[in-house]
Amino acid sequence: MDYFKQFIIPFSGLKLGTHDFDFEIDNTFFEHFEYSEIKKGAVTVHLTLVREETMLVMHFTLRGKIIVPCDRCNEPIDIDINGEEDLIIKFGPGFIEESETIQVIPEGETHIDLSPFLYEYIHLALPVRRVHPEDEAGNSLCDPEIIKRLEENPVPSGPDPRWEALNKLKTNN
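Keep in mind the model is a prediction, meaning the values are calculated, not measured.

**Quick word on the side chain of Arg51**
Mapping Arg51 onto the fold places it in strand 3 (residues 40-51). Here Arg51 occupies a buried position and makes no salt bridge, while the nearest side chain of opposite charge, Glu53, is found at 6.4 Å. For Arg51, the side chain forms a polar contact with the main-chain oxygen of Phe11, separated by 3.2 Å. When near neighbours in sequence (up to four residues on either side) are disregarded, Arg51 contacts Phe11, Ser12, Leu14, Lys15, Leu16, Gly17, His19, Leu56 and Phe91.

**Thoughts on the nonpolar core**
Grouped together as the largest cluster of nonpolar side chains are 42 residues, with contacts concentrated most on Phe29, Met58, Phe60, Leu114 and Ile122. Secondary structure elements with two or more residues in this core: strand 2 (17-25), helix 1 (27-32), strand 3, strand 4 (55-69), strand 5 (76-92) and helix 2 (115-125). What Ile122 contacts, discounting residues up to four positions off in sequence, is Ile25, Phe29, Phe30, Ile38, Val43, Leu62, Ile66 and Ile81.

**Here's the deal with a negative patch on the surface**
There is a patch of like negative charges on the surface, built from Asp20, Asp22, Glu24, Asp26 and Glu31. Ranked by the residues each element gives to the negative patch, the list is headed by strand 2, at three residues. Considering the arrangement of structural elements, one finds Glu24 in strand 2. Its relative accessible area of 52% is what places Glu24 among the exposed residues.

**A short note on the confidence of the model for the chain**
Scored by pLDDT, the chain has a mean of 89; 99% of the residues are at 70 or more. Mean pLDDT across the secondary structure elements of the chain bottoms out at helix 4 (residues 161-172), with 76, and peaks at strand 3, with 96.

**Points about the sheet that holds strand 4**
The mixed open sheet is built from six strands, whose spatial order is 2-3-4-5-7-6. A single partner strand is all that each edge strand has here, and the edge strands are strand 2 and strand 6 (96-97). Two strands pair when backbone bridges link them, and strand 2 and strand 3 are joined in this way by nine bridges, in the antiparallel orientation. Paired with Asp20 across the two strands is Thr48, which belongs to strand 3. Strands strand 2, strand 3, strand 4, strand 5 and strand 7 (102-106) of the sheet are contacted by helix 2, whose axis makes an angle of about 135° with strand 5.

**A look at the packing of aromatic side chains**
Under the counting rule described, the total for this entry stands at 12 aromatic pairs. Ring centres of Phe29 and Phe33 lie 5.2 Å apart, and the angle between their planes is 55°; on these two criteria the pair is classed as tilted. With relative accessibility at 18%, the residue Phe33 sits in the buried group. Ring geometry for Phe60 versus Tyr121: centroids 5.2 Å apart, planes at 55°, classification tilted. On the criterion of sequence distance, the pair formed by Phe60 in strand 4 and Tyr121 in helix 2 is long-range, its members being 61 residues apart. Grouping residues by exposure puts Phe60 and Tyr121 together as buried.

**Quick look at the side chain of Ser115**
Mapping Ser115 onto the fold places it in helix 2. Reaching out from Ser115, the side chain makes a polar contact with the side chain of Asp113 at a distance of 2.9 Å. Not counting residues within four places of it along the chain, the set of residues in contact with Ser115 comprises Phe4, Phe7, Phe29 and Phe33.

**Some points on the pattern of salt bridges**
Per the counting criterion, the structure on display carries five salt bridges. Across the pair Lys65 and Asp80 runs a salt bridge, and its minimum N-O distance is 2.9 Å. Here the residue Lys65 occupies a position in strand 4, and Asp80 occupies one in strand 5, the gap between them amounting to 15 residues. Accessibility expressed as a relative area gives 38% for Lys65, which makes it partly exposed. Residue Asp80 is classed as exposed on the basis of its relative accessible area, which comes to 54%. Ionic pairing is found between Lys90 and Glu98, a salt bridge with its closest N-O pair at 3.4 Å. Residue Lys90 is classed as partly exposed on the basis of its relative accessible area of 28%.

The rules we used
Residue numbering note: each chain is counted from 1, following its sequence as written. Local features in this predicted model are restricted to residues of pLDDT 70 or higher, and side-chain atom pairs are both shown and tallied only at a pLDDT of 80 or more, whereas totals for entire chains, interfaces and linings draw on every residue. Hydrogens are left out, water is left out, and the side-chain values use all remaining heavy atoms of the structure. Put simply, DSSP H or I for four residues or longer makes a helix, DSSP E for two residues or longer makes a strand, and each gets a number counted from the N terminus. Exposure is judged per residue with a 1.4 Å probe applied to protein chains only, and the accessible area is read against the type maximum: over 50% gives exposed, under 20% gives buried, and values in between give partly exposed. A residue counts as positive if it is Lys or Arg and as negative if it is Asp or Glu; His and the chain ends are not included. Note on definitions: salt bridges are taken to be side-chain nitrogens of Lys or Arg within 4 Å of carboxyl oxygens of Asp or Glu. Polar contact is the term for a pair of N or O atoms within 3.5 Å; when the atoms are in protein, one must be able to donate a hydrogen and the other to accept it, and sequence-neighboring residues count only if both atoms are side-chain atoms. Contact definition: two residues touch when any of their heavy atoms are within 4.5 Å. Only buried residues count toward a nonpolar core. Its members are Ala, Val, Leu, Ile, Met, Phe, Trp, Tyr and Cys residues joined through side-chain atoms within 4.5 Å. Patch definition: residues above 30% relative accessible area lacking any salt bridge, with like charges linked at up to 9 Å and the nonpolar side chains Val, Leu, Ile, Met, Phe, Trp and Tyr linked at up to 5 Å. In this description, accessible areas are obtained by the Shrake-Rupley approach with a 1.4 Å probe, and a residue is regarded as covered only by the protein chains that are shown. By convention, the point assigned to a charge is CZ for Arg, NZ for Lys, CD for Glu and CG for Asp. As a per-residue quantity, pLDDT reports the predictor's confidence and falls between 0 and 100. Whether two strands pair comes down to DSSP finding at least two bridges between them. Comment: axis = line fitted to C-alpha atoms, over the contacting stretch for helices; angle = value between 0 and 180 degrees taken between N-to-C directions. Side-chain rings of Phe, Tyr and Trp (the six-membered ring for Trp) are treated as a pair once their centres are within 6.5 Å; stacked means planes under 30 degrees apart, edge-to-face means over 60, and tilted covers the remaining angles.

What follows is the structure, given as structure tokens:
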């Protein structure tokens, strides 16, 4: 059975009203997206779908754990994610993305694939900065070898001398 078949909702057979769906996302999901920074994880998604005459109103609740590379040492780090997202699917003449939360699909469509939306929502639930936490003593739990190398080669402060040459060109013109 195709793993991604579970993320396709055949809404044409749904009665008007509220419908609930639950999805379990695992490593297979993330492996499908070749350039994803997430390679492993387990996320449960609850979808509340309200079927109306001219639209589908969806509310997603995501909970789980994702493994991504640490921004500091590049070693794997577990990140808990929690998020809620809304999506409105309207029926119209063709495929149109009105906004981040409103999509228009042709009136003749009978189903919708939620996997690209779930992929995006999981990434949106990740924190901007992903680093290992510190222990009780305030020491980073990152790879000690990488921390040692970072301390030996500090990032230079102040303006980059390469930009100074470009700034001279800019002021001369």
